[in-house]
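Summary of the model geometry
Below, each chain spelled out in residue letters.
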Amino acid sequence: MNILSILIGLVALVFVIPGLIPLLGVFNYIAIPIAVVGAAAGILSSRTSGRNFNLFVLVVAVIRLSLGGGLI
């Protein structure tokens, strides 16, 4: 489950990286649900690296959206 969580986190990261560029913040709206699913998969694992990676991706996406005014 940990490897699956890391793979899901990498998919979310693919959406977060372009979402950091101005005017492309809409990608973060796609990345947030993916990172939440990855974190849920990481919680089911006995190791914590996948969960922590997904939480990091989630925090980066949320901070970017809040700085751009897109998160209520």
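The structure reproduced in this document is the subject of the present report. (Residues numbered from 1 in each chain as written. Predicted model: local features only at pLDDT ≥ 70, side-chain atom pairs only at ≥ 80, totals over all residues. Heavy atoms only, no water.)

Considering the overall build of the protein
When helices and strands are tallied, the protein shows 3 helices and 0 strands. Of the regular secondary structure in the protein, the N- to C-terminal order runs α-α-α. The C-alpha atoms of the protein give 12 Å as radius of gyration, which agrees with the globular expectation for 72 residues (11 Å, within 12%). Its C-alpha atoms put the protein at 40 × 20 × 15 Å along the principal axes. Residues counted as buried form 33% of the 72 residues belonging to the protein. Across the protein, every contact between residues at least 6 apart in sequence was considered, and the portion connecting residues at least 24 apart equals 63%. Carbon together with sulfur atoms contributes 80% to the accessible area of the protein, which is approximately 4400 Å² in total. (Helix = DSSP H or I, 4+ residues; strand = E, 2+ residues; numbered from the N terminus. Rg over C-alpha atoms; globule rule 2.2 N^0.38 Å. Buried < 20%, exposed > 50% of the residue type's maximum accessible area, 1.4 Å probe, protein only. Contact = heavy atoms within 4.5 Å. Areas by Shrake-Rupley, 256 points an atom, 1.4 Å probe, with all protein chains shown as cover.)

Let's talk about unusual backbone geometry
With the exception of glycine, most residues fall at negative phi, and the peptide bonds are largely trans. Although it is not a glycine, Leu-23 sits at a positive phi angle of roughly 75 degrees. Residue position: Leu-23 is located in the loop between helix H1 (2-19) and helix H2 (26-43).

A short note on the packing of aromatic side chains
Remark: the centre distance and the inter-plane angle together describe each pair of aromatic rings, the angle taken between the planes. Within the structure shown, the criterion is met by 1 aromatic pair. For the pair Phe-15 and Phe-27, a centre-to-centre distance of 6.4 Å together with 35 degrees between the ring planes defines the contact as tilted. Of this pair, Phe-15 sits in helix H1 while Phe-27 sits in helix H2, placing them 12 residues apart in sequence. Take Phe-27: its relative accessible area is 27%, and that puts it in the partly exposed class. (Phe/Tyr/Trp six-rings, centres within 6.5 Å; stacked < 30°, edge-to-face > 60°.)

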